[in-house]
Amino acid sequence: MESGRPRAGSGAAAGRGTGDVAYATAKAGLDGLTRTLAADPGPTGTTVNSIAPGTFATDVNAEPASDPEWQRRLRIRTALGRWRRPEEIAGVVLFLVSDAASFITGQTIAVDGGMTTTF
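For every chain, the first residue of its written sequence is number 1, and the numbers climb from 1 along that sequence. Only residues with pLDDT of at least 70 get local features here, since the model is predicted, and only at 80 or more are side-chain atom pairs given and counted; chain-wide, interface and lining totals rely on the full set of residues. Calculated side-chain values reflect all of the structure's heavy atoms, with hydrogen atoms and water omitted.

Trainee: What am I meant to see in the overall build of the protein chain here?
Mentor: The way it works is that DSSP assigns letters per residue, a run of H or I at least four long becomes a helix, a run of E at least two long becomes a strand, and they are numbered from the N terminus. On a plain count of helices and strands, the protein chain comes out with five helices and three strands. Counting helices and strands in the order they occur from the N terminus, the protein chain gives β-α-β-α-α-α-β-α. Considering the protein chain as a whole, with its 119 residues, one finds that 30% of them fall into the buried category. By element, 59% of the accessible surface of the protein chain is carried by carbon and sulfur atoms, the whole surface being about 7,100 Å². When accessible area is computed with a 1.4 Å probe and restricted to protein chains, residues below 20% of their type maximum are described as buried, those above 50% as exposed, and intermediate ones as partly exposed. For accessible areas, the Shrake-Rupley method is used with a probe of radius 1.4 Å. Any residue's cover is judged against the shown protein chains and nothing else.

Trainee: Help me understand the confidence of the model for the protein chain in this model?
Mentor: Atomic detail in the predicted coordinates should be set aside for any region of low pLDDT. Taken residue by residue, the protein chain gives an average pLDDT of 82. The fraction at 70 or more is 83%. You can read pLDDT as the predictor saying how much it trusts each residue, on a scale of 0 to 100. Mean pLDDT per element in the protein chain: strand S1 (residues 7–9) is the minimum at 51, and strand S3 (residues 108–111) is the maximum at 93.

Trainee: When you look at the side chain of Arg 84 in this model, what are you seeing that I'm missing?
Mentor: Structurally, the position occupied by Arg 84 is in the loop between helix H3 (68–77) and helix H4 (87–96). This count recognises Lys and Arg as positive and Asp and Glu as negative, with His and chain-terminal groups excluded. When a carboxyl oxygen of Asp or Glu lies within 4 Å of a side-chain nitrogen of Lys or Arg, that pair is called a salt bridge. For Arg 84, which is buried and forms no salt bridge, the nearest opposite charge comes from Asp 112, at a distance of 6.3 Å. At 3.4 Å, the side chain of Arg 84 and the backbone oxygen of Asp 112 are in polar contact. Setting aside chain neighbours within four positions, we find Arg 84 in contact with Gly 54, Thr 55, Phe 56, Ala 57, Leu 74, Thr 78, Asp 112, Gly 113 and Met 115. Within 3.5 Å is the distance limit for a polar contact, defined as a pair of N or O atoms, with the added protein rule that one can donate a hydrogen and the other accept it, and that residues adjacent in sequence qualify only through two side-chain atoms. Residue contacts follow a heavy-atom distance rule, with two residues in contact if any of their heavy atoms lie within 4.5 Å.

Trainee: Which parts of the structure should I look at to understand the packing of aromatic side chains?
Mentor: Pairing of aromatic side chains here covers Phe, Tyr and the six-membered ring of Trp, requires ring centres within 6.5 Å, and sorts the geometry by plane angle: under 30 degrees stacked, over 60 edge-to-face, intermediate tilted. Tallied over the entire structure, the rule returns zero aromatic pairs. Directly above the aromatic system of Trp 70 lies the positively charged group of Arg 73, at a separation of 4.7 Å from the ring centroid. Here, a charge over a ring means that NZ of Lys or CZ of Arg falls within 6 Å of the ring centre while also lying within 35 degrees of the ring normal.

Trainee: What's the story with the pattern of salt bridges in this structure? I'm lost.
Mentor: Pairing between side chains becomes possible if they bear opposite charge and their charged atoms approach one another. Per the counting criterion, the structure on display carries four salt bridges. Among the salt bridges present, the one from Arg 72 reaches Glu 69, with a minimum N-O distance of 2.7 Å. One end of the pair, Arg 72, and the other, Glu 69, are both in helix H3, three residues apart, so they sit about a helical turn from each other. In this structure Arg 72 comes out as partly exposed when scored by relative accessible area, which is 36%. For Arg 85, the salt bridge identified is with Glu 87, shortest N-O distance 3.2 Å. On the basis of relative accessible area, Arg 85 is assigned to the partly exposed category, the value being 39%.

Next comes the structure, spelled out in structure tokens:
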């Protein structure tokens, strides 16, 4: 296998109960998959990491993003108190696929505005 930077997505639900067993289980499974996949190709220089994004304001969730009640809930459930913008995750992706992250593997990086610290 050649050196590379595979990545996967996870989420805040992996580390806390959400009331949706299947969703939280799938997210926790991605965390475990990331760690397991990182072990085998390590000697080749390949790293495997995942990103656990919070709620990002995208076209898919434009309606809740503009809802005052959803905005209130995000203010109290995240340290930064706001929706994340898609471009805010790009820097983490660029970092993980760069040589600067060549010694980081098997990790899930939370990009969630502090949701996992305040929920």
